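# Analysis of the macromolecular model
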Amino acid sequence: MTIGSLPPRYRISINQVQCMECGRCIENCPYGVFRQDNGRILINSRNCTACHRCIACCPRDAIMLEEHPCDYRSHPLWTREAREAIYNQARTGKIILAGMGNALEYPVIFDRLVLDACQVTNPSLDPLREPIELVTHLGKKPAKLDLRRRESGDVELRTRLTPNLRIETPIMIGHMSYGAISLNAQTAMARAAKEVGTFMGTGEGGLHSTLYPYQDNIIVQVASGRFGVNIDYLERGAAIEIKIGQGAKPGIGGHLTGEKVCKEVSCTRMIPEGSDAISPAPHHDIYSIEDLAQLVRGLKEATEWKKPVFVKIAAVHNAAAIAAGIARTPADAVVIDGFRGGTGAAPKVFRDHVGIPIEAAVASVDKKLRDQGIRNEISIIASGGIRGSPDVAKAIALGADAVYIGTAALVAMGCRVCGNCYRGLCPWGIATQRQDLVDRLDPDTASTQVANLLHAWTLELSELLGAAGINSIESLRGNRDRLRGYMLDESLMQVLDVESVGA
Amino acid sequence: MDGSGIRQALSMMNERGSGEGAGYAAYGIYPDYRDSYALHVFFDNIRENKPLLDAALAQWGTIEHDEAIPTYDQPNLRAVHIPWRYFFKPDATLAPGSTTPEDDIVSALVMRVNAARRGALIFSSGKDLGVFKAGGWPEDVADYYRIEDYEGYTWLAHNRYPTNTPGWWGGAHPFNLLDWSVVHNGEITSYGTNRRYIESFGYTCTMFTDTEVVAYLVDLLVRRHGLDVDLAVRALAPPFWEEIDRMPGTEREWNSAIRLAYAPAMMNGPFAIVAANAEMMVGFTDRSKLRPMVVGECGDRLYISSEEAAIRAMEPNVESIMMPAAGEPVIGRVAP
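Residues numbered from 1 in each chain as written. Chains lettered and ligands numbered in written order. Predicted model: local features only at pLDDT ≥ 70, side-chain atom pairs only at ≥ 80, totals over all residues.

## Some thoughts on the overall build of chain A
Worth spelling out the cut-off: For helices the rule is a DSSP run of H or I covering at least 4 residues; for strands it is a run of E covering at least 2, with both sets numbered from the N terminus onward. Our radius of gyration looks at C-alpha atoms and nothing else; its globule reference is 2.2 Å times the residue count to the power 0.38. Backbone-placed C-beta atoms define the burial measure: a residue is buried with 20 or more other C-beta atoms within 10 Å of its own, exposed with 12 or fewer, and partly exposed in between. The contact rule is simple: place each C-beta atom from the backbone, and if two of them lie within 7 Å, those residues are in contact.
Assigned secondary structure in chain A consists of 15 helices and 23 strands. Relative to the compact-globule value of 23 Å for 503 residues, chain A shows a C-alpha radius of gyration of 24 Å, a close match. Its C-alpha atoms give chain A principal-axis dimensions of about 95 × 55 × 45 Å. Out of the 503 residues belonging to chain A, those deemed buried represent 51%. Here the analysis covers contacts within chain A between residues at least 6 apart in sequence; of these, 69% occur between residues at least 24 apart.

In structure tokens, the structure reads:
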């Protein structure tokens with residue numbers, strides 16, 4: 001025995017007095033934590049992922065979960081995670097996979113920014129009595145208008161405008177592919193997007209026919225594997241997004257394991273059943289900014305210049321300059337995905353160590369585009385770690401037009417952020433293709449919950465705007481005067497272009 | 001009209017101020033130098049600050065004449081600057097390729113001088129017009145400059161209740177750039193957005209106050225983008241989407257276009273604004289009308305004020321008084 005067994009990460013216990021041995025925990029746990037033996041329920045805590053499915057299903061609140069029940073000798077450098085990663089790799093010699101977003105304890109910049117409100121010198125607005133506009137238009141906009149007055153006095157608009165995407169609230173649901181998540185999960189989010197008047201992304205998984213009724217609220221994605229892309233797919237989407245990179249794993253491609261490629265997934269992805277779907281790191285037709293511009297034009301041409309085209313990049317050090325390059329293509333919006341962005345599966349080193357926070361990325365992209373006088377010509381969509389309406393408001397005040405949420409929408413459908421999405425056994429029916437598990441997610445209930453979440457955030461945004469004396473979201477955009485930094489260092493405040501609290 | 005009437009009008013609204021800033025702008029006061037840009041400058045001192053400005057102006061054109069602006073000590077007004085005026089003709093050949101070379105040179109000079117903060121602040125830069133302002137009560141400021149000695153055809157005046165930069169003369173209204181002068185009651189909650197937008201077009205905000213962006217936005221939209229003034233107002237205080245969505249075809253189209261193209265120029269928060277240039281005067285409020293604005297007419301004269309009392313003080317026989325709807329511009333054009 002060289003390494004031996006490591007202490008289990010979680011300990012599940014059952015209060016025998018409370019338990020009525022109904023067996024729901026056994027049925028619900030796909031990881032095999034529970035089993036019945038001679039009328040008793042036995043527990044194997046080692047299999048537990050802290051998905052909470054058993055706790056949610058237990059009618060008697062008999063189950064309790066504890067994290068890290070066994071201590072290591074504490075050490076500030078050689079943390080439990082560092083040691084366990086080494087044991088793992090010493091055994092396997094492999095890259096460690098992980099799910100969800102960045103799990104290191106970096107400071108959350110959003111939590112060190114506070115919002116403003118009016119007192120006396122300007123009145124705050126009451127959203128119940130005054131209109132507060134959250135309507136947002138995403139897409140190319142002209143730098144100036146040529147408006148002429150005809151002799152009759154009528155105004156004539158001589159500038160041709162590019163079609164924009166209109167959203168009723170500046171919150172959209174980001175790209176999570178069919179394959180990575182279940183069709184029920186996608187259907188629920190698509191319905192919610194339609195109800196709320198916003199959009200949902202397909203991810204790089206094609207568009208299943210079940211989603212056709214919601215296609216006017218769907219953004220289709222073209223990524224490096226080109227899975228699911230054909231002209232029908234492009235024409236169905238309300239907009240098209242080219243995915244260059246992802247915040248959870250900047251610089252690398254994607255991998256959907258063959259086990260998740262069931263018959264339906266194979267059809268929408270247009271690949272053989274059971275085969276791994278591997279998206280290469282770069283697009284093999286994009287090796288320069290001009291190649292990207294060509295693809296943008298190509299997609300626009302294919303769809304007769306009727307659809308907005310977005311370009312999504314991971315927030316990396318040079319994001320501002322890259323975004324400035326994208327702004328010079330006919331692209332309508334640049335999506336910046338911060339290093340807290342989620343994923344079904346990513347190498348842990350990328351998830352935790354590559355890329356920069358969305359707050360800093362949005363601030364620097366907005367500034368760079370302004371310095372070049374082209375900020376209003378392209379939209380900025382921020383994503384990666386948006387947890388609530390204050391994050392939305394702060395992202396917009398830092399310069400975003402709108403945000404994508406991902407994890408938050410999954411959490412609204414029950415996800416407990418256990419981070420085992422890549423295993424395909426999601427007990428909540430979200431990140432899985434196993435039919436019995438998928439069936440656990442009722443698209444009707446789930447869509448109501450996602451819609452509720454979007455409604456609630458929208459209401460909160462109106463209140464925040466009203467309190468700040470602003471009746472239209474565009475007056476918050478890039479309005480960093482309405483933010484203050486609390487316990488942020490000087491250089492970061494310079495990047496964010498915000499003053500300190502009290503200043 | 002000489003300045004005595006508007007001095008009287010403004011004094012009716014002293015409870016709207018705090019005695020820390022007031023000012024006047026008058027059009028048509030320098031007929032002898034009609035073709036020169038009248039630059040009004042606050043110098044901190046003459047010996048150190050003036051030679052620098054003289055040199056900068058000489059580099060870009062010809063100073064036709066310059067002199068101290070006549071002032072008269074007032075017991076309640078502490079003079080912290082020396083007001084000076086230049087009549088300046090820029091050399092148009094120094095801005096080749098521009099369709100408005102003289103305006104471009106003068107506005108660039110204003111931005112540069114004011115941003116450099118070398119004891120000189122150009123607070124008025126149009127032709128045949130001048131801004132007179134200082135820290136003090138309106139009557140004291142009027143008497144300090146003896147504004148009744150000036151004959152103009154359009155007057156703006158403002159009484160300030162400063163909260164951000166009390167007492168600073170540069171912070172008093174009106175704000176001016178080239179032909180446009182602006183007075184403003186309110187606080188622009190979108191200032192951070194507006195400032196960053198206007199600065200991306202080469203303007204520099206130097207006055208520590210929100211009103212200056214209004215002057216620059218009007219300059220950008222009207223002079224540089226060529227919008228009619230009512231359309232520029234529509235960009236600054238646009239209709240709500242709810243209204244736009246109900247408009248018929250082409251009207252909806254151009255109103256949407258204005259909101260999309262000029263979203264960062266849109267001003268939020270409570271305000272009533274009067275802006276003027278040589279040809280017109282325009283008043284408008286924010287689109288919820290959170291600040292008052294009253295309009296009076298008498299013969300060929302148009303009055304726009306926060307209060308009716310001020311209009312009646314200036315024109316007891318005013319023929320009509322009305323209160324325009326939120327965001328609706330009131331435009332008076334100077335008869336040719």
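## Quick word on the nonpolar core
The criterion, for reference: In this usage, the nonpolar core is the set of buried Ala, Val, Leu, Ile, Met, Phe, Trp, Tyr and Cys residues whose C-beta atoms join them within 7 Å.
Val311(A), Val334(A), Ile336(A), Val362(A), Val403(A), Met413(A) and Val450(A) are the most contacted members of the largest nonpolar core, which has 129 residues in total. Dropping the residues within four chain positions of it, Val450(A) is found in contact with Ala188(A), Met189(A), Ala192(A), Ala409(A), Ala412(A) and Met413(A). With 105 residues, the next largest nonpolar core counts Leu145(A), Tyr30(B), Met266(B) and Tyr303(B) among its residues.

## With respect to the interface of chain A and chain B
On the chain B side, the residues contacting the 37 residues of chain A number 31 residues. At the level of secondary structure, the elements contributing two or more residues to the side of chain A that touches chain B comprise strand 8 (147-149), strand 9 (155-157) and helix 10 (358-371) of chain A.

## Observations concerning the confidence of the model for chain B
Cut-off, in case you're wondering: How sure the predictor is of each residue is captured by pLDDT, a score from 0 to 100.
Considering every residue of chain B, the mean pLDDT works out to 93; 100% of them sit at 70 or more. Interface predicted TM-score (ipTM) for the complex: 0.90; the corresponding pTM is 0.94.

## Section: the pairing of strand 9 (residues 180-186) of chain B
Residues and elements named next belong to chain B. We apply this condition: Strands are treated as partners if at least two bridges between them are detected by DSSP.
The element strand 9 is largely enclosed, with a buried count of seven among its seven residues. Taking every second residue as pointing to the same face, both faces of strand 9 are buried, with Trp180, Val182, His184 and Gly186 on one and Ser181, Val183 and Asn185 on the other. Here three bridges tie strand 8 (residues 175-177) to strand 9, and the two strands are oriented antiparallel to one another. Within strand 9, the position partnered with Asn176 by the bridge is Ser181. Adjacent in sequence and paired antiparallel, strand 8 and strand 9 are bridged by two residues, among which Leu178 carries a positive phi angle near 50°.

## Focus on the pairing of strand 11 (residues 171-175) of chain A
On a regular strand, one side chain projects to one face of the sheet and the next to the other, so that they alternate. Residues and elements named next belong to chain A. The condition that has to hold: Looking down the strands as they point away from the viewer, one classifies a crossover as right-handed if the path from the first strand across the helix to the second runs clockwise.
Burial within strand 11 is extensive, with five of its five residues counted as buried. By the bridge criterion, three bridges tie strand 11 to strand 21 (residues 402-405) in an arrangement that is parallel. In the sheet register, Ile171 faces strand 21, and the bridge partner there is Val403. Direction of pairing for strand 11 relative to strand 12 (residues 200-201): parallel, over a ladder of two bridges. Of the residues in strand 12, the one forming a bridge with Ile173 is Met200. Handedness of the crossover joining strand 11 and strand 12 through helix 4 (residues 183-196): right-handed.

## What about the domain arrangement of chain A?
Residues and elements named next belong to chain A. What counts, and what does not: Annotation comment: domain bounds sourced from an automatic or database domain assignment. We call Asp, Glu, Lys and Arg charged. Ala, Val, Leu, Ile, Met, Phe, Trp, Tyr, Cys and Pro are nonpolar, and the rest, Gly among them, are polar.
Each assigned domain of chain A is listed here: domain 1 (10-72) and domain 2 (163-500). Between domain 1 and domain 2, the contact holds nine residues from the first and seven residues from the second. Of the residues that constitute the side of domain 1 that touches domain 2, the class distribution is five nonpolar, three polar and one charged.

## A short note on helix 4 of chain A
All names here are of chain A. What counts here: Here the expected span of a helix is defined as 1.5 Å times the quantity of residues minus one.
For helix 4, which comprises 14 residues, the first-to-last C-alpha distance of 20 Å matches the rise-based estimate of 20 Å (1.5 Å per residue) to within 8%. For helix 4, the complete set of buried residues consists of Leu183, Asn184, Ala185, Gln186, Thr187, Ala188, Met189, Ala190, Arg191, Ala192, Ala193 and Val196. Remark: Gly197 follows helix 4 within two positions and exhibits a positive phi of approximately 85°.

## A look at the packing of helix 5 (residues 191-199) of chain B against helix 6 (residues 211-224) of chain B
Residue and element names in this part refer to chain B. We count it as follows: For helices, the fitted line uses only the C-alpha atoms of the stretch in contact; every axis is such a line through C-alpha atoms, and the angle between N-to-C directions lies from 0 to 180 degrees. To sort the angles, those under 35 degrees are grouped as roughly parallel, those over 145 as roughly antiparallel, those from 65 to 115 as roughly perpendicular, and the leftovers as oblique. For any helix crossing, the convention is left-handed if the near helix is rotated counterclockwise from the far helix by under a right angle, and right-handed if that rotation is clockwise.
Running from N to C, helix 5 and helix 6 cross one another at 45°; their axes reach a closest spacing of 10 Å. In terms of their interaxial angle, helix 5 and helix 6 are classed as oblique. Crossing handedness for the pair helix 5 and helix 6: left-handed. Only Val213, Tyr216, Leu217 and Leu220 of helix 6 make contact with helix 5, whose side of the interface consists of Tyr191, Asn194, Arg195 and Ile198. Of the residues assigned to the contact of helix 5 with helix 6, the class counts are six nonpolar, one polar and one charged.

## Let's talk about the sheet that holds strand 15 (residues 330-333) of chain B
All names here are of chain B. Ordered in space as 8-9-10-11-15, the five strands form an open sheet in which the pairing is antiparallel. The sheet is open, and its two edges are formed by strand 8 and strand 15, each paired on a single side. Neighbour-to-neighbour, the strand axes of the sheet open up by a mean angle of 15°, direction not taken into account. In this structure, strand 10 (residues 271-276) lies alongside strand 11 (residues 280-285), joined through five bridges in antiparallel fashion. Looking across to strand 11, one finds that Val274 is bridged to Gly283. Of the strands in this sheet, strand 11 and strand 15 touch helix 7 (residues 229-236), which is tilted by about 25° from strand 11.

## Focus on the domain arrangement of chain B
Residue and element names in this part refer to chain B. Once the domains are mapped, chain B shows domain 1 (1-173) and domain 2 (179-336). Its C-alpha centre places domain 1 at a distance of 22 Å from the equivalent point of domain 2. Counting from both sides, the interface comprises 27 residues of domain 1 and, opposite them, 24 residues of domain 2. With five residues, the top contributor of residues to the side of domain 1 that touches domain 2 is helix 1 (residues 4-11). When its residues are assigned to classes, the side of domain 1 that touches domain 2 shows twelve nonpolar, twelve polar and three charged.

## Considering helix 11 (residues 389-397) of chain A
Residue and element names in this part refer to chain A. For helix 11, the tally of buried residues reaches eight of nine residues, placing the bulk of the element in the interior. When we look at burial in helix 11, the residues that qualify are Ser389, Asp391, Val392, Ala393, Lys394, Ala395, Ile396 and Ala397. Positive phi appears at Gly399, one or two residues downstream of helix 11, with a value of about 130°.

## Some remarks on the packing of helix 11 of chain A against helix 14 (residues 443-467) of chain A
Residue and element names in this part refer to chain A. The contact between helix 11 and helix 14 brings their axes to 9 Å, and the two run at 55°. Considered as vectors, helix 11 and helix 14 are oriented oblique to each other. Read as a crossing pair, helix 11 and helix 14 show a hand that is right-handed. Contacts between helix 11 and helix 14 involve Ser389, Val392 and Ala393 from the former and Trp457, Glu460, Leu461 and Leu464 from the latter. Residues belonging to the contact of helix 11 with helix 14 are distributed by class as follows: five nonpolar, one polar and one charged.

## Side note on unusual backbone geometry
For the bond from His173(B) to Pro174(B), the omega torsion is -5°, close enough to zero to count as cis. Within the element layout of this structure, Pro174(B) appears in the loop between strand 7 (154-159) and strand 8. One non-glycine residue with positive phi stands out, namely Arg226(A), at about 55°. The residue Arg226(A) is located in the loop between strand 13 (218-222) and helix 5 (231-236) in this model. Although it is not a glycine, Asp128(B) adopts a positive phi angle of roughly 55°. Here Asp128(B) shows up in the loop between strand 5 (120-124) and strand 6 (129-134).

## What to know about the sheet that holds strand 2 (residues 37-43) of chain B
Residues and elements named next belong to chain B. Taking strand neighbours across the sheet as the criterion, the four strands line up as 3-4-2-5 in an open arrangement whose pairing is antiparallel. Here the strands that pair on one side only, and so sit at the sheet edges, are strand 3 (61-68) and strand 5. On average, each strand axis in the sheet is inclined to that of its neighbour by 30°, with strand direction left out of account. Looking at chain direction, strand 3 and strand 4 (residues 82-90) are connected through seven bridges and run antiparallel. Its bridge partner lying in strand 4, Ala68 is registered against Trp84. Set on the sheet, helix 3 (residues 101-116) makes contact with strand 2, strand 3, strand 4 and strand 5; between it and strand 5 the angle comes to about 135°.

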